[in-house]
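# Structural overview for review
As a plain string of letters, each chain reads:
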Amino acid sequence: MAFGKNKKRRQLDAASRNNAVKGAVRSHGPTVAKALGLTVVTAALVWGGIELRAWARVSPRFALESVSFTGLERASRAELLKLSGLTAGQNLWSLDPAALARAMGQHPWVRTVEVTRRFPRGVSVEVAEHAPAALAVLGDLYVLDEEGEPFKRVTPGDGLDLPLVTGLERDAYVADADAVRARFREALDVTRAYARLSPGRSERLSEVRLENSGLALVTATGQEVRLGVGDTEVKLQRLARVRRELSTRGLAAEIIRLDNRARPGWVAVRLSSGSDSERSGGSTQ
């Protein structure tokens, strides 16, 4: 006996329920019958889907055979595969593309990564890397991307020949990273403008110094250019004219100052020791 009911009583209860269902069908016509049929079909589909997924997760038909990469320059295929843990034979249905992307994103050169399963047996990985724009001294030497982000330490294998940005301390970056990144972007804007307005490698830019009084540039030959604050494009155009004038006279400058706030159009030049005069001054428009 279960819960006080004997076998005969349970049979009567079951018959009563069946009669109730039949009565509902007779009373409401095909609507109830259709609903009952849909319920049965839905249950069958759900069960079938569960069984199909369970089969797919172990089927050799979906075993990983190939992983394709696009966008790789600095990061290597082997490094990203090691970070992700992807290996041949893994079941595609068991892979989590978002988790794989996060794992590969730990590579210092990787800015963004998107992982897509390509059924039945492949995975594609689309990578966007940081673009190195300059080197920055923040205690250690770091690589800056185009947005002023120091995204990795410089290592011997990087092989980068880029302008150096100096004048900021690591403590300043820790205290206010946004403010330091803004100064880095200022320096990068200057490097781009300098490359555009000073073509050639005769006075290739070596260093951008961020000072309280503004910006100072140092070329590969050691020439120092004091830009000060503001009007960078105008000052660089003026710099190009001053250099042309010095060149026609057979002179070389050690320091060129374009940071006179009282007289913005004035340029002061200290000639190198090999020139006839140590100092020269004047204005240019």
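Everything numeric in this text was worked out from a predicted model, so none of it was measured.

### Overview of the packing of aromatic side chains
Scanning the entire structure with this criterion turns up 4 aromatic pairs. With a centroid separation of 6.0 Å and 80° between ring planes, the pair formed by phenylalanine 62 and tryptophan 93 is classed as edge-to-face. A residue pair is termed long-range when its members are at least 10 positions apart, and phenylalanine 62 in the loop between helix 2 (30-56) and strand 1 (66-70) and tryptophan 93 in the loop between helix 3 (77-84) and helix 4 (97-104) qualify at 31 residues. Take phenylalanine 62: its relative accessible area is 11%, and that puts it in the buried class.

### Structural notes on helix 3
Residues Leu80, Leu81 and Ser84 constitute the buried set of helix 3. When helix 3 is viewed along its axis, its buried side chains cluster within an angular range of 100° and face the same direction. Looking at helix 3, the residues exposed on the side facing more than 90 degrees away from the buried face are Ala78 and Lys82. The secondary structure elements touched by the buried residues of helix 3 are strand 1, helix 4, strand 2 (110-118) and strand 3 (122-129). Just past helix 3, the residue glycine 85 takes up positive phi, approximately 80°.

### Considering the packing of helix 3 against helix 4
Packing of helix 3 against helix 4 leaves a shortest axis separation of 8 Å and a crossing angle of 125°. The orientation of helix 3 with respect to helix 4, classified from their angle, is oblique. The handedness of the crossing between helix 3 and helix 4 is right-handed. The residues of helix 4 that touch helix 3, namely those facing Leu80, Leu83 and Ser84, are Leu100, Ala103 and Met104. Across the contact of helix 3 with helix 4, the residue classes tally to 5 nonpolar, 1 polar and no charged.

### Some words on the sheet that holds strand 3
Strand order in this open sheet of 3 strands is 1-3-2, and the pairing throughout is mixed. Strands at the two margins of the open sheet, each flanked by one partner only, are strand 1 and strand 2. The average undirected angle you get between the axes of adjacent strands in this sheet is 20°. As paired strands, strand 1 and strand 3 are joined by 5 bridges and run parallel to one another. Bridged to serine 66 within strand 3 is glycine 122. Where helix 3 meets the sheet, it contacts strand 1, strand 2 and strand 3, and its direction lies at approximately 120° from that of strand 1. The sheet contacts of helix 4 involve strand 1, strand 2 and strand 3, and relative to strand 2 the element is tilted by about 150°.

### Structural notes on the pairing of strand 11 (residues 253-257)
As judged from the 3 bridges shared by strand 10 (residues 224-228) and strand 11, these two strands associate in the parallel manner. Across the sheet, arginine 226 pairs through a bridge with arginine 257, a residue of strand 11. In this fold, strand 10 hands off to helix 7 (residues 232-248), which returns the chain to strand 11; that crossover is left-handed. When strand 11 meets strand 12 (residues 266-271), the two strands line up antiparallel, connected through 4 bridges. Following the sheet pairing, arginine 257 is matched in strand 12 by alanine 268.

### Focus on the pattern of salt bridges
The final tally for this structure, using the stated rule, is 14 salt bridges. With a closest N to O distance of 2.9 Å, arginine 192 and aspartate 189 form a salt bridge. Of this pair, arginine 192 and aspartate 189 both sit in helix 6 (residues 177-197), 3 residues apart, roughly one helical turn. Its relative accessible area of 46% is what places aspartate 189 among the partly exposed residues.

### Observations regarding unusual backbone geometry
A negative phi holds for most residues other than glycine; trans holds for most peptide bonds. Of the consecutive residues phenylalanine 119 and proline 120, the connecting peptide bond is found in the cis state with omega at 10°. Even without being a glycine, aspartate 231 presents a positive backbone phi close to 50°. Relative to the helices and strands, aspartate 231 is located in the loop between strand 10 and helix 7. Assessed through its relative accessible area of 55%, aspartate 231 is described here as exposed.

### Considering the nonpolar core
Formed by 33 residues in total, the largest nonpolar core has its most connected members in Phe184, Leu217, Leu227, Ile256 and Val269. At 7 residues, the largest contribution of residues to this core is made by helix 6. If we ignore the near neighbours within four places in the chain, the residues touching leucine 227 are Val190, Leu215, Ala216, Leu217, Thr232, Lys235, Leu236, Leu258 and Asp259. Ranked by size, the runner-up nonpolar core spans 18 residues in total, among them Leu80, Leu86, Val113 and Val115.

### Considerations on the side chain of aspartate 158
Relative to the assigned elements, aspartate 158 resides in the loop between strand 6 (150-153) and strand 7 (164-166). The exposure class assigned to aspartate 158 is buried, which follows from its relative accessible area of 8%. Polar side-chain contacts of aspartate 158 include one of 2.8 Å to the backbone nitrogen of threonine 155. Not counting chain neighbours up to four residues away, the residues in contact with aspartate 158 comprise Arg74, Trp109, Val143, Lys152 and Arg153.

Calculation rules
Residues numbered from 1 in each chain as written. Predicted model: local features only at pLDDT ≥ 70, side-chain atom pairs only at ≥ 80, totals over all residues. Heavy atoms only, no water. Phe/Tyr/Trp six-rings, centres within 6.5 Å; stacked < 30°, edge-to-face > 60°. Helix = DSSP H or I, 4+ residues; strand = E, 2+ residues; numbered from the N terminus. Buried < 20%, exposed > 50% of the residue type's maximum accessible area, 1.4 Å probe, protein only. Arc of directions from axis to C-beta. Contact = heavy atoms within 4.5 Å. Axes fitted to C-alpha atoms, helices over the stretch in contact; angles between N-to-C directions. Parallel < 35°, antiparallel > 145°, perpendicular 65-115°, else oblique. Left-handed = near helix turned anticlockwise from the far one by under 90°. Nonpolar A, V, L, I, M, F, W, Y, C, P; charged D, E, K, R; others polar. Pairing = 2+ DSSP bridges. Right-handed = clockwise from strand over helix to strand, strands pointing away. Salt bridge = Lys/Arg side-chain N within 4 Å of Asp/Glu carboxyl O. Core = buried A, V, L, I, M, F, W, Y, C linked by side-chain atoms within 4.5 Å. Polar contact = N/O pair within 3.5 Å; in protein donor to acceptor, adjacent residues only side chain to side chain.

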